[in-house]
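# Results of the structural survey
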Amino acid sequence: MNQERMLIIDFGSQVTQLIARRLREIGVYCEIHPFQSVTESFVRTTFRPKAIILSGGPGSAAEPGHPCPPPSIYELGIPLLGICYGQQVMMAQLGGRVEAGHHREFGRAVVAKSSDSGNDVFFDGLFADGTEMVWMSHGDRVTELAPGFGVVGCSPNAPLAIVADQKRNFYGLQFHPEVHHTPNGTEFLRNFASISGFSCNWTMKAFRNEAIGKIRKQVGSGKVICGLSGGVDSAVTALLLHQAVPGQVTCVFVDHGFLRKGEAKEVVSLFREHYNIPLLHIDAEEKFMDAISGQTDPEDKRKMIGKLFVDVFSECAAGMEGVEFLAQGTLYPDVIESVSATGGPSATIKSHHNVGGLPATLGLRLVEPVRELFKDEVRKLGVELGMPNEFVERHPFPGPGLAIRCPGAVTREKLELLREADAVFIHQIRKHGLYDKIWQAFAVLLPVQTVGVMGDNRTYEFVCVLRAVTSVDGMTADTFRFSHEFLSETSNMIVNEVRGINRVAYDITSKPPGTIEWE
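Here's a quick rundown of the structure. (Residues numbered from 1 in each chain as written. Predicted model: local features only at pLDDT ≥ 70, side-chain atom pairs only at ≥ 80, totals over all residues. Heavy atoms only, no water.)

### So, the overall build of the protein
- Scanning the protein from terminus to terminus reveals 14 helices and 20 strands.
- Computed over C-alpha atoms, the radius of gyration of the protein comes to 25 Å, within 12% of the 24 Å expected from 2.2 N^0.38 for 519 residues, which places it in the range of a compact globule.
- Taken along its principal axes, the extent of the C-alpha atoms in the protein is 75 × 60 × 40 Å.
- Burial status across the protein gives 57% buried among its 519 residues.
- For the protein, long-range pairs separated by at least 24 residues make up 75% of all intrachain contacts whose partners lie at least 6 apart in sequence.
- Taken as a whole, the protein presents about 21,500 Å² of accessible surface, with 49% of it coming from carbon and sulfur.
- Seen as two clouds, the 50 positive and the 60 negative side-chain charges of the protein have centres 2 Å apart. (Helix = DSSP H or I, 4+ residues; strand = E, 2+ residues; numbered from the N terminus. Rg over C-alpha atoms; globule rule 2.2 N^0.38 Å. Buried < 20%, exposed > 50% of the residue type's maximum accessible area, 1.4 Å probe, protein only. Contact = heavy atoms within 4.5 Å. Areas by Shrake-Rupley, 256 points an atom, 1.4 Å probe, with all protein chains shown as cover. Lys, Arg positive; Asp, Glu negative; His and termini not counted. Charge placed at Lys NZ, Arg CZ, Asp CG, Glu CD.)

Set out below in C-alpha cells:
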C-alpha cells in the first residue's frame, strides 16, 4: 500500500472527499492534501504518489494569484487527472488559456466522445452509444489547450469537456466524475487508476495492518486513554488500539447526561462483556448540564461540550501514571465539516467536539487512527477486527448527544421528553424491521409549544420532530420514506406515551441543503 498511493490535491471543492471515496471503493489507496501544503519536497520525497488528481474548487484560474499545485508535478513522469478547476489550472500552468464570462454550466450535460480519442484505455467501458451523462458545475472554462493536448470529448456548452495529452497520460475533465449525478463517473476514475498502474488491491485488512504499525510507532511504550462514546467510531478505535498496543489502553466512558434512554448501561455492559480492556465509567452529568445551562447557540454548545470532554480526560490522565496519549474516534466527515479536509480552503459547516487538536496544557498527544475513514469504512474495519454486529451496525450518535437534538436552551425536563420520544421511535423502527435499512434515525425536541386537545382538555406542549435518513458515508443523505401508516402509528404512540409532547412532525430535508443533525 505504501508504494501504491494516489495523491488528491484539494483546491476547496465541497465534493473532493467523494473522489477519495470512489477510489477507495475500487481498491485504490489515496489521500487528500490541501494545495497549500503540497510542496515539491512533499510530493517527491514524502508522499511519492503513483498518480495525482487535481480537485475542483471555487477559485478562478483566469484570475492572477489563483491556487496552483507545484509546477514540478508535471515533470514527475506520472499520470495526472484534473477535474473541473483542476483541468483549468493544469491548462493554465502548461501554456493554455482559461477565461471567465462564458456560458456557465450547472447540472446534467451530455458529453460526446471525440473521433480523436482513439483506443485510449481512459474510455474503456464508457461511451457505449458515443455519449455519457455527466454533472457540470463551472463558470470558467478552457478556451485554448496547452501544447500536447487534444480534445477527446465535448458537450454543447463545454467544447473542451475532456482533454488529454496521451503521451504523458495527462487528462482533464470539465465535469465531476466523483458525484453520483455522473452515472458512470467511477469508470473514469477506474480507468485512470488502470492507466496509472494501480493493482487496485487496497483492502480494509491492508488499512488495519498499516494502522496498527502507525499506532505502535507513535505510541511506543506510552499509555493511552481512549474516549469511548458507545458509537462504532470510538469502539473501533479502542479495539484497534488494543490490538496494536495491548495492555497500554484504558477506555474512558464519559456519561455527560445527553445519552439516549438506557444507553450508558448498555454501552458499559456490552464493552465489558466483549473486551478485556480497562474501562472507567464517569458520571459527569452535573458538570455538563451546568456548563451549557441557558446556551442556545449550537456552535457554543458543541464547543463547550468539547472543552469539557478534554477537561474530564485531563482529570483522568492526572490520576493515572504514564498516560501520554488521548485517542479519539474522529472520522473524515467530522474533519471535513469542522474545517476542510486536512486544512484546505473549503468552508466550515459546523464544529465537531473531537476536531481541532488538544490544548497544550493537557499535556497529551492525540491519536486518531480512523481520521481518514468514512463511516461505512469504519464499519468494515470493525468487521475486520472481529467486532460484534451489535456494535458495528449501531446508528451514528453525535458526541454532544441529545444536547444538539434539543434546539434552544437544554433542560433536564426537555432531555427526558426527548429520550422517551426517541426510544419510542427507535422501538417502532426495530419492530417494523427497518433499523438496518436506515443510516440514522432520531427525534428532535423543538423549543416551541403548540395548542392541542386531549379528551376534553386543552394542552399546550412541545413539538417533536422525527428524522430518519439513508446514506453511505454521511456526507450526503436522503430522507427515509416511511409509510404513512408507520408515521401515524408512531406519532400516536409518542403523543399518548410521552406526556409533554402533543404534536409530531417528520423532517423530509435531504443533505444538502440540511445537515443530518439539526445543530
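### What to know about the layout of surface pockets
- Counted as a void, the largest pocket has a volume near 1,000 Å³.
- What lines the largest pocket is a set of 42 residues, and nearest its centre among them are Q14, V15, L18, T476 and P512.
- For the lining of the largest pocket, the elements supplying multiple residues, two or more each, are α1 (16-25), α3 (85-94), β7 (131-138) and α10 (332-338).
- It is α1 that contributes the most residues to the lining of the largest pocket, five residues altogether.
- By residue class, the composition of the lining of the largest pocket is 15 nonpolar, 19 polar and eight charged.
- Put simply, the second largest pocket is a space of about 500 Å³.
- If you trace the second largest pocket, you find 23 residues lining it, with Y29, E31, K214, E368 and E372 closest to the centre.
- Of all elements in the fold, only β2 (30-34), α2 (40-47), α5 (204-219) and β16 (365-367) reach the threshold of two or more residues within the lining of the second largest pocket.
- At six residues, α5 tops the list of elements feeding residues into the lining of the second largest pocket.
- Residue composition of the lining of the second largest pocket, grouped by class: twelve nonpolar, four polar and seven charged. (1 Å grid on protein atoms, 1.4 Å probe; cavity = no way out; pocket = protein on both sides within 12 Å on 5 of 7 lines; lining within 4 Å. Points joined across faces, edges and corners; volume = space filled by probe spheres on them. Nonpolar A, V, L, I, M, F, W, Y, C, P; charged D, E, K, R; others polar.)

### Digging into the nonpolar core
- Core analysis: the biggest nonpolar cluster contains 93 residues, and F258, F271, F288, L381, I429 and F482 have the highest contact counts within it.
- The contacts of L381, once residues within four sequence positions are left out, are M204, F207, R208, V236, L240, V370 and L373. (Core = buried A, V, L, I, M, F, W, Y, C linked by side-chain atoms within 4.5 Å.)

### Focus: the sheet that holds β16
- Spatial ordering of the open sheet is given by β14-β13-β12-β15-β16, a layout of five strands whose pairing is parallel. In this open sheet, the two edge strands, each paired with only one partner strand, are β14 (279-283) and β16. The mean inter-strand angle of the sheet, taken between neighbouring strand axes irrespective of direction, is 30 degrees.
- Most of the contacts of α5 go to β16, to which it runs at about 170 degrees, and overall it touches β12 (223-227), β15 (323-327) and β16.
- Against the sheet, helix α9 (residues 298-318) makes contact with β12, β13 (249-255), β14 and β15, and its axis sits at roughly 135 degrees relative to β13, the strand it touches most. (Pairing = 2+ DSSP bridges. Axes fitted to C-alpha atoms, helices over the stretch in contact; angles between N-to-C directions.)

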